[in-house]
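# Structural characterization, general
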Amino acid sequence: MQAVLDDWRTAPIREPLRAMLGMLAILTLTPKALTPADLELVRAAGVSDQAIEDAIAVCAVFSTINRVADTLNFAVSSKEQAARGAAWTLEHGYKLSQRAGG
């Protein structure tokens, strides 16, 4: 994980993930520069259209949340707070409430 955070281009990861991260980097940093050829590179690495759509959706949500957080000057969690939140999410998932039948 740290190698990916340091530089996904040189991290010891499989090519489909590297291709997806490359496409997501363009989408995040220079969205107007993203072309169909960029998507073809991801497909050529063996990534399905559904996986590409899912990654784009997640990227869009996180980009929106980050922009809102920056605009409203949200406090950044400490590493300890983030670790506790991650542990809770792994145990309980993203669902915030339990409803009958839901």
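Right above here is the structure, for reference.
As the structure is a computational prediction, the values presented were derived from the model and not from experiment. (Residues numbered from 1 in each chain as written. Predicted model: local features only at pLDDT ≥ 70, side-chain atom pairs only at ≥ 80, totals over all residues. Heavy atoms only, no water.)

### What about the overall build of the protein?
Secondary structure summary: the protein contains 5 helices and 0 strands in total. Relative to the 2.2 N^0.38 estimate, which gives 13 Å for 102 residues, the radius of gyration of the protein is 17 Å and therefore markedly larger than a compact globule would have. With the C-alpha coordinates of the protein rotated into their principal frame, the extents come out at 45 × 35 × 30 Å. Within the protein, the fraction of its 102 residues that count as buried is 19%. Contacts spanning at least 24 positions in sequence make up 38% of the contacts within the protein whose residues lie at least 6 apart. Accessible surface, the protein as shown: approximately 8100 Å² in total, 62% of it carbon and sulfur. (Helix = DSSP H or I, 4+ residues; strand = E, 2+ residues; numbered from the N terminus. Rg over C-alpha atoms; globule rule 2.2 N^0.38 Å. Buried < 20%, exposed > 50% of the residue type's maximum accessible area, 1.4 Å probe, protein only. Contact = heavy atoms within 4.5 Å. Areas by Shrake-Rupley, 256 points an atom, 1.4 Å probe, with all protein chains shown as cover.)

### A look at the nonpolar core
Core analysis: the biggest nonpolar cluster contains 10 residues, these being Ala19, Met20, Met23, Leu24, Val42, Ala45, Val47, Ile52, Ala55 and Cys59. If you list the elements that add at least two residues to this core, you get helix H2 (15–29) and helix H4 (49–71). Top contributing element to this core by residue count: H2, with 4 residues. (Core = buried A, V, L, I, M, F, W, Y, C linked by side-chain atoms within 4.5 Å.)

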